[in-house]
Amino acid sequence: FQAEDGIRDQPRSRGLGDVYKRQVLGPVEPEDLGPTTTHEHLIIDFSFMLKMPKYEDNHYVDQPIELGNLGWIRHNHYSNKANLDVTDVKTAIDEATLYKEAGGGTIVDATTLGIGRNPDALAKISKESNVNVIMGAGYYVDAVHPSEMGLLKSEDIAQTIVNDITVGVGENAVKAGIIGEIGCTWPLTDNERKVLWGASYAQQETGAPILIHPGRHPSATSEILDELNKSGADIQRVIMGHLDRTIFDLDGLLELASSGCFLEWDLFGYEHSYYPLANLDMPSDAQRLDLIKSLVDRGFDDRIVIGQDICTNHRLVKYGGHGYGHIIKNIVPRMKSKDCLLYTSPSPRDRG
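Residues numbered from 1 in each chain as written. Predicted model: local features only at pLDDT ≥ 70, side-chain atom pairs only at ≥ 80, totals over all residues. Heavy atoms only, no water.

Draft legend 1. Summary view of the packing of helix 3 (residues 89-101) against helix 4 (residues 119-129). In the contact formed by helix 3 and helix 4, the axes pass within 9 Å of each other and the chain directions differ by 40°. Here helix 3 is positioned oblique relative to helix 4, judged by the angle of their axes. The crossing of helix 3 and helix 4 is right-handed. Contacts between helix 3 and helix 4 involve Val89, Ala92, Ile93, Ala96, Thr97 and Lys100 on the former and, on the latter, Ala121, Lys124, Ile125, Glu128 and Ser129. Considered class by class, the residues forming the contact of helix 3 with helix 4 number six nonpolar, two polar and three charged. (Axes fitted to C-alpha atoms, helices over the stretch in contact; angles between N-to-C directions. Helix = DSSP H or I, 4+ residues; strand = E, 2+ residues; numbered from the N terminus. Parallel < 35°, antiparallel > 145°, perpendicular 65-115°, else oblique. Left-handed = near helix turned anticlockwise from the far one by under 90°. Contact = heavy atoms within 4.5 Å. Nonpolar A, V, L, I, M, F, W, Y, C, P; charged D, E, K, R; others polar.)

Dropping the structure here:
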């Protein structure tokens, strides 16, 4: 984010510059990014996440999203099929345009293989909304891996990722600019471990950063970093995502930060304390900022990135949600009041 939006420019960040040279419509220089949200989903098919509700609420599963059931969906957002189908291109263009109007410049779309990545749609969204879109490469969690994953080697996976970054995919040869989000569960499955090694090899060949979706356990991050270290990844070019629901204590965050990776709080706008995918209480935006402020005060301001991870319709403006502009409109003013300013855009000297 740029200085006029409350977050300082000319950052000291190390290792993210190359990714931003590859947005879906072609190269872009880091200084042209504008305010950037580092983990979103403009197009995603999250249907595999459907969680059946208690039997008395089963009638909500197949309903369209409407005002009469929106309150229920907000508390049971993985239990409504329409809410998990975020594939309408027109809606994505409208929502990205609202983000642009709020002052946004770039969206990192972290949708990977297995959950509906649509390169040509991302290019259309970028063109019509005038928002830079950075596309992800790689695979999500084991549950949506292709049937042949068990037969692939890490080198095969790496080559697929490298091709996405250097050659492009889809009718318009759209190129990815980031590896991930690489999906991991806890503990890691054999195939997820293999994907991590493939991501590491692809990073070494292309220089692209790796964005991680860790398993829902505090020990997941160390398990993942161990695999990446063993496979030769540059940890200073790794983003550990979803810390909002993974590590809640400052000591654990400081230990993770000491590894050199980027720390990502990417569930801003998710203000429901009940988290339906695990037995834990989710922090509020205010609590997220308090933890981030503690790390900023300890000198990790240039290792923190933030986003909203919008992957369901109920969080879009069209359906009564906060939309992609939430951080710019609502969080940045709070950051100013807490003196919690981040270095989150690559500097000119970080282009290589």
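Alright, that's what it looks like, and here's the rest.
Draft legend 2. Just the packing of aromatic side chains, in detail. Per the counting criterion, the structure on display carries seven aromatic pairs. Relative to Phe48, the ring of Phe46 has its centre 5.8 Å away and its plane inclined at 85°; by these criteria the two rings are edge-to-face. Here Phe48 falls in the partly exposed class, since its relative accessible area comes to 31%. Seen from their ring centres, Phe46 and Tyr78 are 6.3 Å apart, and the 50° between their planes marks the pair as tilted. One end of the pair, Phe46, is in the loop between strand 2 (44-45) and helix 1 (67-75); the other, Tyr78, is in the loop between helix 1 and helix 2 (81-84), with 32 residues separating them in the sequence. Phe46 gets classed as buried once you look at its relative accessible area, which sits at 5%. Three or more aromatic residues joined by ring pairs form one cluster here, namely Phe46, Phe48, Tyr78 and Tyr140. In this structure, Arg288 packs its charged tip against the face of Phe268, placed 5.7 Å from the ring centre. In this structure, Arg303 is placed above the aromatic ring of Phe262, and the distance from its NZ or CZ to the ring centre is 3.8 Å. (Phe/Tyr/Trp six-rings, centres within 6.5 Å; stacked < 30°, edge-to-face > 60°. Buried < 20%, exposed > 50% of the residue type's maximum accessible area, 1.4 Å probe, protein only. Lys NZ or Arg CZ within 6 Å of the ring centre and 35° of its normal.)

Draft legend 3. Quick peek at the environment of Pro35. The residue Pro35 is located in the segment before strand 1 (36-40) in this model. A sequence separation of 65 residues divides Pro35 from Lys100, and the C-alpha atoms of the two residues are 9.4 Å apart.

Draft legend 4. Here's a closer look at the sheet that holds strand 10 (residues 304-306). If you trace the eight strands from one edge of the open sheet to the other, you get 1-4-5-6-7-8-9-10, paired in parallel fashion. On the outer flanks of this sheet lie strand 1 and strand 10, each paired with one strand and no other. In this sheet, neighbouring strand axes are inclined to one another by 25° on average, regardless of whether the strands run parallel or antiparallel. With three bridges joining them, strand 7 (residues 210-213) and strand 8 (residues 238-240) adopt parallel strand pairing. What sits directly across from Ile212, in strand 8, is Met240. Along the sheet face, helix 4 touches strand 4 (106-109) and strand 5 (132-137) and points at about 165° away from the line of strand 5. Contacting strand 9 (262-265) and strand 10, helix 9 (residues 285-297) crosses the sheet at an angle of about 160° to strand 9. (Pairing = 2+ DSSP bridges.)

Draft legend 5. Spatial organisation of unusual backbone geometry. Gly180 connects to Glu181 through a cis peptide bond whose omega is 15°. In this structure, Glu181 sits in strand 6 (residues 178-183). In this structure, Pro187 follows Trp186 across a cis peptide bond, with omega equal to -5°. Mapped onto the fold, Pro187 is located in the loop between strand 6 and helix 6 (190-206). Even without glycine at this site, Asn130 takes up a positive phi of about 65°.

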